[in-house]
Amino acid sequence: MIFRIFLVFHLCHIAAFQLAAQEYDQAIAKARFLIQEHQKQTNIPGLQVALMIEGEMIWNEAMGYADLENSIPATVNTKFRTASIAKPLTAIALGKMIEDNLISLDQTIGEFFADYPSHLQKITVRQLAGCIAGIRHYNENDPKFRTEDYESALEASNIFKNDSLVFEPGSDYGYSSYGYVLLSALMSEASGSSFEKIMSNSWEKLGADHTV
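So, a few notes on the structure that sits alongside this text. (Residues numbered from 1 in each chain as written. Predicted model: local features only at pLDDT ≥ 70, side-chain atom pairs only at ≥ 80, totals over all residues. Heavy atoms only, no water.)

1. Some words on the overall build of the protein chain
- Along the backbone of the protein chain there are 7 helices and 3 strands.
- Listing the helices and strands of the protein chain from first to last along the sequence gives α-β-β-β-α-α-α-α-α-α.
- Per-residue burial over the protein chain gives 28% buried out of 212 residues.
- Within the protein chain, residue pairs in contact and separated by at least 24 positions form 58% of the contacts whose partners lie at least 6 positions apart.
- Within the structure as shown, the protein chain displays about 14400 Å² of accessible surface, and the carbon and sulfur contribution to it stands at 55%. (Helix = DSSP H or I, 4+ residues; strand = E, 2+ residues; numbered from the N terminus. Buried < 20%, exposed > 50% of the residue type's maximum accessible area, 1.4 Å probe, protein only. Contact = heavy atoms within 4.5 Å. Areas by Shrake-Rupley, 256 points an atom, 1.4 Å probe, with all protein chains shown as cover.)

2. Some points on the packing of aromatic side chains
- By the definition in use, this model includes 3 aromatic pairs.
- For the ring pair Phe-113 and Tyr-116, a centre distance of 5.8 Å and an interplane angle of 35° mean the geometry is tilted.
- Take Phe-113: its relative accessible area is 7%, and that puts it in the buried class.
- Relative to Tyr-178, the ring of Tyr-138 has its centre 5.2 Å away and its plane inclined at 90°; by these criteria the two rings are edge-to-face. Of this pair, Tyr-138 sits in the loop between helix 4 (125–129) and helix 5 (153–156) while Tyr-178 sits in helix 6 (residues 177–191), and the two are 40 residues apart along the sequence.
- Taking relative accessible area as the criterion, Tyr-178 reaches 5% and is therefore assigned buried. (Phe/Tyr/Trp six-rings, centres within 6.5 Å; stacked < 30°, edge-to-face > 60°.)

3. Section: the sheet that holds strand 3 (residues 72–73)
- The 3 strands are arranged 1-2-3 in an open sheet whose pairing can be described as antiparallel. Each edge of the open sheet carries a strand with a single partner, namely strand 1 (46–53) and strand 3. (Pairing = 2+ DSSP bridges.)

4. Quick word on the packing of helix 2 (residues 86–99) against helix 7 (residues 195–206)
- One way to put it is that helix 2 packs onto helix 7 with a least axis distance of 10 Å and a crossing angle of 85°. Regarding the angle of helix 2 to helix 7, the classification is roughly perpendicular. Mapping the contact onto sequence places Leu-89, Thr-90, Ile-92, Ala-93, Lys-96 and Met-97 in helix 2 and Phe-195, Ile-198, Met-199, Ser-202, Trp-203, Lys-205 and Leu-206 in helix 7. (Axes fitted to C-alpha atoms, helices over the stretch in contact; angles between N-to-C directions. Parallel < 35°, antiparallel > 145°, perpendicular 65-115°, else oblique.)

5. Here we look at the side chain of Ser-157
- Here Ser-157 shows up in the loop between helix 5 and helix 6.
- Separated by 2.6 Å, the side chains of Ser-157 and Tyr-116 make a polar contact.
- In this structure, Ser-157 is in contact with Tyr-116, Val-181 and Leu-182, ignoring residues within four places of it in sequence. (Polar contact = N/O pair within 3.5 Å; in protein donor to acceptor, adjacent residues only side chain to side chain.)

6. Quick word on helix 6
- The end-to-end C-alpha distance of helix 6, which contains 15 residues, comes to 21 Å, matching closely the 21 Å that a straight helix rising 1.5 Å per residue would cover.
- Regarding helix 6, the residues found buried are Ser-177, Tyr-178, Gly-179, Tyr-180, Leu-182, Leu-183, Ser-184, Ala-185, Leu-186 and Met-187.
- Packing partners of the buried residues in helix 6 comprise helix 2, helix 3 (109–112), helix 4, helix 5 and helix 7.
- Of the residues one or two after helix 6, Gly-192 is the one with positive phi, at around 75°. (Expected span 1.5 Å × (residues − 1).)

7. Comments concerning the layout of surface pockets
- In this model, the largest pocket occupies a volume close to 1700 Å³.
- In terms of lining, the largest pocket is formed by 35 residues, of which the most central are Arg-81, Ala-83, Ala-86, Tyr-138 and Val-181.
- Put simply, the parts of the chain that give the lining of the largest pocket at least two residues each are helix 2, helix 5, helix 6 and helix 7.
- Residues that form the lining of the largest pocket fall into these classes: 17 nonpolar, 9 polar and 9 charged.
- Of the volumes computed, that of the second largest pocket is approximately 370 Å³.
- Lining the second largest pocket we find Gln-48, Val-76, Asn-77, Thr-78, Lys-79, Phe-80, Thr-82, His-210, Thr-211 and Val-212.
- When its residues are assigned to classes, the lining of the second largest pocket shows 3 nonpolar, 6 polar and 1 charged. (1 Å grid on protein atoms, 1.4 Å probe; cavity = no way out; pocket = protein on both sides within 12 Å on 5 of 7 lines; lining within 4 Å. Points joined across faces, edges and corners; volume = space filled by probe spheres on them. Nonpolar A, V, L, I, M, F, W, Y, C, P; charged D, E, K, R; others polar.)

8. Points about the nonpolar core
- Ile-109, Leu-128, Ile-135, Leu-182, Leu-186 and Met-187 are the most contacted members of the largest nonpolar core, which totals 28 residues.
- Of all the elements, helix 6 adds the most residues to this core, at 7 residues.
- Once residues lying within four places of it in the same chain are set aside, the contact partners of Leu-182 are Ile-109, Tyr-116, Leu-128, Ile-135, Ser-157 and Phe-160.
- Of all hydrophobic cores here, the second largest spans 6 residues; its members include Ile-28, Leu-47, Val-49 and Ile-58. (Core = buried A, V, L, I, M, F, W, Y, C linked by side-chain atoms within 4.5 Å.)

Right, here's the structure in full:
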C-alpha cells in the first residue's frame, strides 16, 4: 500500500512537471528570441542561459561561439570569465571571513597598510564592499584591455591608489571595480593567504566545482 501511494505520487509529480514544462515552452521561446536578438545587436560572441524553478532545471542552453576564430560553438559546459560577478562572489568569501573573525567590516585600510596614501587610510571594509568608499571606477584614461600580470591585488591597486576620491567616503554610492580590488587586498592581508586561495576555499565549500 505504501509503495502504491509512493508510485502514484511519483507519477503525479512527473505528470505535473511535464505539464509545467509545457507551460514554460512559450515563455522559453520568447526569451530565446529576445536573447538572440540582443546577441545580434550587441555582437555577443557566445552565451549560456539556465533557469531553475524549485530545484528543477527548466531551461539550459548555449548560444553562439566559445571561440570565434576557430568556430567552436559554446556549450552548456563552456567556462566564461566571471567579470563583475566576481563582486558578489567576493562578498560571499568576505562574509565567511567575518564569521570566522578574520576581518571586521569596520576595520580601515590604515589598519592593514600603514604606508598607504593618507586620503585612503580611514576607508573601511564596509565602505569598500558597499561601493561607498569614493574609489573611482574605470575612466577614459584607462586602457580598454590590460595585459599586465600582477602578483597580488595589492600590487594591482597601484593603478588607482594615488588618484583622488570621487566623493567623501560614506557620503554617496559609486560603483567601483577598483574598490573591490582594494577590498581583495585587505582580505588577503587579513587571512594571511592569497586572494586566489581565499576564493578557491570559498568555492570548494559551496560545491562550485567548475568555478575558477
